[in-house]
Amino acid sequence: MLGRTLSFYFARHFAKMVGAIFLLAFMLTALVTYFEFFSRAFKGDATVGLGLAAMALFKVPSLTEDSLPFAVLYGSIAAFVIANRRLEVVVARAAGVSAWQFLLPACVVGLLAGTIATGVYNPVAATLLSWSNSLGASVFIDQSKPVDVTGGNGPVWARQKADDGTESIIGSVQSFDDGLGLTAVTVFVFDANGHFRERIDAARAHYYPGAWKLEDATVTAVSSNPKRADTYELSTNLSANEVKRTFLSLDSVSFWSLRDLSAAARHAGVPSDRYDLRYNVLLSRPILLLAMVLIAANVSLRFSRSRDLGRVIITGVAVGFMLYVVMKIAWDLGSGGIVSPPLAAWLPAIVATLVGITVLLHLEDG
């Protein structure tokens, strides 16, 4: 049985390597994000100052959430390879310690990291992203070239009606204030007969009961020159909850709020697939990180019996990347309602974990 001192030693060594890889990813992401925003300021599209730096910094935690599984994978590989280089694994196995015993501390750390990432890191990242989105409405001057802060899925559109029978389609790639505020707004207005009447481009829009208030707008009507307007009021039949469900970025929603949003969507009779998928993806994160640890363990065990370190590390990275691609495909199917959201979220992580355990059983016990 692995002693408590040795267990804490392996766990501490594993946690340090994973933390170092994640910190490196965090710093690189922060640097790239700041330079992306700074380039906008250099072109005159944004104001340089503490607001720009704060906006970039607040956005980074949300961006690095998806890098956590890779940080655990690469950190685990590095930890196990270093342990092999120091002959720690060899000595432990010679002392009668099985692979399952010295892998247990790493697996526990992986599960704890996933639990903390879901229950603590995600809510903090969601709150900071909301602040970043709100700052973006004032930092960026030229909203015609927006930086997508809603997850890279392109503009979101909503069809709405007015009291006079006209219809309009409003779209934006950025949102703030829980989806009630929009930036880089485009609106196409049609008359009661369905004929196109005018297009409105606005820097910002904010929802009020029964209407949108568009700021710094340009109105282009049929057979007329564009006209500028400081404010433009657009009637809408959408409720505040409908606006939030349409434009709210899930990355800015805390894990602890997703179930309430899903229940509210079902109560309103609208699909709740994207809320259910996001909730289950975050809930399954500890199992996913456990799978990454097991994949790294397979690389470590193979390295102990082979000198071809580069090949087995590349194999481990390739397996992790393949798993990520499969998860993304499953998540897309789940968000589209083709596959049940819990199945799309949990199946890849569970299958990867079972495959990792099976390979380890084969390597250890034949």
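Thresholds applied
- Residues numbered from 1 in each chain as written.
- Predicted model: local features only at pLDDT ≥ 70, side-chain atom pairs only at ≥ 80, totals over all residues.
- Heavy atoms only, no water.
- Helix = DSSP H or I, 4+ residues; strand = E, 2+ residues; numbered from the N terminus.
- Contact = heavy atoms within 4.5 Å.
- Areas by Shrake-Rupley, 256 points an atom, 1.4 Å probe, with all protein chains shown as cover.
- Pairing = 2+ DSSP bridges.
- Core = buried A, V, L, I, M, F, W, Y, C linked by side-chain atoms within 4.5 Å.
- Buried < 20%, exposed > 50% of the residue type's maximum accessible area, 1.4 Å probe, protein only.
- 1 Å grid on protein atoms, 1.4 Å probe; cavity = no way out; pocket = protein on both sides within 12 Å on 5 of 7 lines; lining within 4 Å.
- Points joined across faces, edges and corners; volume = space filled by probe spheres on them.
- Nonpolar A, V, L, I, M, F, W, Y, C, P; charged D, E, K, R; others polar.
- Salt bridge = Lys/Arg side-chain N within 4 Å of Asp/Glu carboxyl O.
- pLDDT = per-residue confidence, 0-100.
- Patch = residues over 30% accessible without salt bridge, like charges linked within 9 Å, V, L, I, M, F, W, Y side chains within 5 Å.
- Arc of directions from axis to C-beta.

Right, let's talk about the overall build of the protein chain for a bit. Secondary structure assignment for the protein chain yields 11 helices and seven strands. Restricting the contact set of the protein chain to residue pairs at least 6 apart, pairs at least 24 apart contribute 65%. With the model as given, the accessible surface of the protein chain reaches about 18,000 Å², and the carbon-plus-sulfur share is 64%.

Where strand β6 (residues 211–221) meets strand β7 (residues 227–235), eight bridges bridge the pair, whose relative direction is antiparallel. Note on β7: the bridge partner recorded for Val219 is Lys227. Where β6 folds back onto β7 in an antiparallel hairpin, the turn is made up of five residues, including Ser223, whose phi is positive at roughly 60°.

Quick look at the nonpolar core now. Among the nonpolar cores identified, the biggest contains 47 residues, and Phe14, Val72, Phe102, Met292 and Leu323 are the most heavily contacted of them. Those elements giving two or more residues to this core turn out to be α1 (4–42), α3 (68–85), α4 (88–94), α5 (99–139), α8 (273–283), α9 (285–303), α10 (309–335) and α11 (341–365). Per-element tally for this core: the top contributor is α9, with 11 residues.

To continue, consider empty space enclosed by the protein. Over the atoms, a rolling probe the size of a water molecule traces out where space has been left empty. For the coordinates displayed, the defined rule picks out two cavities of 30 Å³ or more. One number sums up the size of the largest cavity: a volume of about 80 Å³. Among the elements of the structure, α1, α3 and α5 are those that each provide at least two residues to the lining of the largest cavity. Here the residues of the lining of the largest cavity sort into eight nonpolar, one polar and no charged. Space inside the second largest cavity adds up to approximately 50 Å³. Forming the walls of the second largest cavity are Ser130, Asn133, Ser175, Phe176, Asp177, Asp178, Gly179, Leu248, Ser249 and Ser252. Those elements giving two or more residues to the lining of the second largest cavity turn out to be α5 and β3 (174–176). Taken together, the residues of the lining of the second largest cavity sort by class into two nonpolar, six polar and two charged.

Now for the pattern of salt bridges. A side chain with one charge may pair with a side chain of the opposite charge, provided their charged atoms come close. Summed over all chains, the structure comprises nine salt bridges. The partner of Arg159 in a salt bridge is Glu167, and the shortest N-O contact between them spans 2.8 Å. With relative accessibility at 53%, the residue Arg159 sits in the exposed group. Here Lys161 and Glu167 are joined by a salt bridge, their closest N and O atoms 3.9 Å apart. A single network of salt bridges, built from pairs that share partners, joins Glu65, Asp251, Arg278 and Arg285.

Turning next to the confidence of the model for the protein chain. Across the protein chain, the average pLDDT comes to 83, with 87% of residues at 70 or higher. Residue range residues 141–153 is modelled with pLDDT below 50. Its contacts to residues more than four positions away, or to other chains, number 41 contacts.

A contiguous nonpolar patch, built from Leu104, Val108, Leu112, Ile116, Val120 and Val124 and spanning about 520 Å² of accessible area, is present on the exposed surface. Within the fold, Val120 resides in helix α5.

All buried positions along helix α7 (residues 258–267) are accounted for by Leu258, Ser262 and Ala265. Down the axis, α7 shows its buried residues gathered within 65° of arc, on one side only. Turned more than 90 degrees from where α7 packs its buried face, Arg259, Asp260 and His267 sit exposed. Elements that come into contact with the buried residues of α7 comprise α6 (240–247) and α8.

All right, on to unusual backbone geometry then. With the exception of glycine, the majority of residues adopt a negative phi angle, and the majority of peptide bonds are in the trans configuration. At Ala184, a position not held by glycine, the phi torsion is positive, near 55°. In this structure Ala184 comes out as buried when scored by relative accessible area, which is 15%. The residue Asp216 is not glycine, and still its phi comes out positive at about 50°. Secondary-structure assignment places Asp216 in strand β6. When its relative accessible area of 34% is taken as the criterion, Asp216 is described as partly exposed.

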